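Fold and contact review
Residues per chain, in single letters:
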Amino acid sequence: MRVIIAFLALIAAPLASPTLAQSSMPPAPYAYTQLDDPVLEAEATALMETLRCLKCQSQSIADSDAPMAGDMRHQVRSRLLAGESPDQVRDWLTQRYGDYVSYEPTVSATTWPLFAIPVLLLLIVGAVLLRRLGRRSSDSEMGA
Amino acid sequence: MRPVYLIPLALFLFFAGVAGYQLTQPKQVNIPSQMIERELPEFSLEPALEGMPGASRADFIGGKPKLLNIWASWCVPCIAEAPHLERLKQEGVEIIGVAVRDRPEAVEGFLARYGNPYSRIGADDISELMLEIGASGVPETYVIDAEGNIRYQHIGDIRENHVEMLLEKLEEAA
C-alpha cells in the first residue's frame, strides 16, 4: 500500500509544481468572448495568432487556455475595440516583452541570420550546381 | 576523397551536437521585462481586500525607493518568499503588493498564515498591471525609485541571499 501511495505521489508531484498553479478567478471579459464587429474580430484573431503566450511559450495566445493568455486576448480585443490598430497593440506588447512575445518571426538585429542563412545556402547550392552542369556540358562538347 | 566532401558531414555533426546539447539544458523560462530603466506605466488598482488601500502609480512617487511585489495567494513560491519580504520590511523598505487574479478571502487567508509585509495591495484581476510592466509570472519584484522609474526586476521568489542584493538595489535607486 505504501509503495502504491509513494508511486502515486511521484506521478502527482509535477502537477503540484508552481508553474501549474492557477487562479480560480473567472476569465477576463474578452478572453473567450468575440467582438461584435466581425471585421474587428477577424483582425483580433489574426493578431492573436502572432503573439506568444508568455506562460506556455510554445503556443500562440489564440491557442492557449492559460489564464494569462486569456488576459492577453482581453487586451488585444479591448484595445482594438478602443480604436487602436493591430500594429499598435503588437508594439505595445513588444515594448514590454521584446521579440519574445512575437510568435511570428520578424527581421531584427538578432534574427536576421535566420532569414539570411537559407538564402545564402540556396545561392551556394545554385552556384555549385551551375558550375557542375556547366562543366559537364563542356565535357560532352569536347567528347563530341 | 577530397577533404571538401567532409564539410557537409562536419556541418551535420555540428548541428546535431548543438541540438543534443540544448536538449540536456533546462528550459529557459525567465523572460526579462523590457521596461527596466523606463517609467512605471500609469495604473490604478482597487484594494485586494477590505481594510487595506489599493495601489496606483502615484503611491510610488516621493519618499524612498519602494518595492513592487507581484504575487498571488495561489502561487506556491510566494509562500517561500514571504519571510524574506518580512525581513525587507523590517529593514524599513516599503513594499506595495499587487495580487494577481485573486479573491479577497484568499488574500486574507494568505496574509493571516504567512504574514503581511505590504503597505498596500492592489487587485490585478485581469493581469492588467502584469502586462503593463512586462511581467510574465508570479512572483516578480520590482525596485521603483521615488520618481516612479522602474530600476530593477527580480524574477521568481526572493530567497535569503537576495535580500542584501535588493537592499543594495534600493540604495542605488535612491
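Residues numbered from 1 in each chain as written. Chains lettered and ligands numbered in written order. Predicted model: local features only at pLDDT ≥ 70, side-chain atom pairs only at ≥ 80, totals over all residues. Heavy atoms only, no water.

**Some words on the pairing of strand 6 (residues 140-144) of chain B**
Side-chain positions along a regular strand alternate between the two faces of the sheet. All names here are of chain B. We count it as follows: When accessible area is computed with a 1.4 Å probe and restricted to protein chains, residues below 20% of their type maximum are described as buried, those above 50% as exposed, and intermediate ones as partly exposed. The helix and strand labels rest on DSSP assignments: H or I over at least four residues marks a helix, E over at least two residues marks a strand, and numbering proceeds from the N terminus. By this definition, two strands are paired if DSSP reports at least two bridges between them.
With five of five residues buried, strand 6 is to be regarded as a mostly interior element. Both faces of strand 6 are covered, namely the face carrying Glu140, Tyr142 and Ile144 and the face carrying Thr141 and Val143. Judged from the five bridges that link them, strand 6 and strand 7 (residues 150-155) form a sheet pairing that is antiparallel. Counted as the bridge partner of Glu140 is Ile155 from strand 7. A loop of five residues connects strand 6 with strand 7, the two strands running antiparallel in sequence, and Gly148 in this loop sits at a positive phi of about 85°.

**A word on unusual backbone geometry**
With the exception of glycine, the majority of residues adopt a negative phi angle, and the majority of peptide bonds are in the trans configuration. All names here are of chain B. In the segment running from Val138 into Pro139, the intervening peptide bond is cis, with an omega of -5°. With respect to the helices and strands, Pro139 occurs in the loop between helix 4 (128-133) and strand 6. Phi is positive for Ser127, which is not a glycine, with a value near 55°. Of note, Ser127 is situated in the loop between strand 5 (118-124) and helix 4. On the basis of relative accessibility, which here comes to 2%, the residue Ser127 falls in the buried class.

**Structural notes on a positive patch on the surface**
Cut-off, in case you're wondering: Excluding any residue in a salt bridge, patches collect residues exceeding 30% relative accessible area, merging like charges within 9 Å and nonpolar Val, Leu, Ile, Met, Phe, Trp and Tyr side chains within 5 Å. Method for areas: the Shrake-Rupley scheme with a 1.4 Å probe, in which residue coverage is limited to the protein chains shown. Each reported salt bridge corresponds to a side-chain nitrogen of Lys or Arg within 4 Å of a carboxyl oxygen of Asp or Glu. His is not counted here, nor are the chain ends, while Lys and Arg score as positive and Asp and Glu score as negative. To locate a charge, the coordinates of NZ of Lys, CZ of Arg, CG of Asp or CD of Glu are taken.
A cluster of like positive charges, contributed by Arg131, Arg132, Arg135 and Arg136 of chain A together with Arg2 of chain B, occupies part of the molecular surface. Locating Arg136 of chain A in the fold gives a position in helix 5 (residues 112-143).

**Observations concerning the side chain of Ser136 of chain B**
Heads up, the rule is: Residues count as neighbours in contact if any of their non-hydrogen atoms are within 4.5 Å of one another.
Counting through the fold element by element, Ser136 of chain B comes out in the loop between helix 4 and strand 6. By relative accessible area, which is 9% here, Ser136 of chain B ends up buried. With sequence-adjacent residues up to four places away left out, Ser136 of chain B is seen in contact with Leu54, Lys55, Met68 and Tyr97 of chain A together with Ile31 and Met130 of chain B.

**Notes on helix 2 (residues 76-90) of chain B**
Residue and element names in this part refer to chain B. To keep things clear, this is the line we draw: The angle between axes fitted to the seven residues ending at a residue and the seven residues starting there is what we call the bend at that residue.
Helix geometry: helix 2 is bent most strongly at Ala82, by close to 40°, with proline Pro83 lying one to four residues after it. Of the residues making up helix 2, those classed as buried are Pro77, Cys78, Glu81, Ala82, His84, Leu85 and Leu88. Phi turns positive one or two residues past the end of helix 2, at Gly92, with a value near 95°.

**Topic: the environment of Gln75 of chain A**
Topologically, Gln75 of chain A is positioned in helix 3 (residues 67-81). The class of Gln75 of chain A is buried, set by a relative accessible area of 9%. Expressed as a C-alpha distance, the spacing of Gln75 of chain A and Ala28 of chain A, which sit 47 residues apart in the sequence, is 9.1 Å. The residues contacting Gln75 of chain A, other than those within four sequence positions of it, are Trp92 of chain A together with Glu128 and Leu131 of chain B.

**A look at the pattern of salt bridges**
Counted according to the given criterion, the structure contains 13 salt bridges over all chains. Note that Glu164 of chain B and Arg87 of chain B form a salt bridge whose closest N and O atoms lie 3.2 Å from each other. In this pair, Glu164 of chain B is assigned in helix 5 (residues 160-173) and Arg87 of chain B in helix 2, connecting sequence segments 77 residues apart. Residue classification places Arg87 of chain B among the partly exposed positions, given a relative accessible area of 30%. By sharing partners, the salt bridges in this structure join Arg79, Glu84 and Arg96 of chain A together with Glu132 of chain B into a single network.

**Section: helix 2 (residues 38-48) of chain A**
All names here are of chain A. Worth spelling out the cut-off: The arc in question is the one spanned by the directions pointing from the helix axis to the C-beta atoms. N or O atoms closer than or at 3.5 Å make up a polar contact, with two conditions inside protein: a donor-capable atom paired with an acceptor-capable one, and, for residues adjacent in sequence, both atoms drawn from side chains.
Listed in full, the buried residues belonging to helix 2 are Leu40, Glu41, Ala44, Leu47 and Met48. An end-on view of helix 2 places all buried positions within 125° of arc, on one side of the element. Facing away from the buried side of helix 2 by over 90 degrees, the exposed positions are Pro38 and Val39. Elements that come into contact with the buried residues of helix 2 comprise helix 3 and helix 4 (86-97). Looking at where helix 2 begins, the residue whose side-chain oxygen comes 2.9 Å from the main-chain nitrogen of Val39 is Asp37.

**So, the environment of Asp157 of chain B**
Residue and element names in this part refer to chain B. Structurally, Asp157 can be placed in the loop between strand 7 and helix 5. Look at Asp157 and you get buried, because its relative accessible area is 14%. In this structure the C-alpha to C-alpha distance between Asp157 and Ala80, which are 77 residues apart in sequence, comes to 6.9 Å. Apart from the residues lying within four places of it in its own chain, the contact partners of Asp157 are Pro77, Ala80, Glu81, Pro139 and His162. Here the side chain of Asp157 touches Arg159 through a polar contact of 3.2 Å, side chain to side chain.

In short, the description is geometric, and any link to function would need to be established separately.
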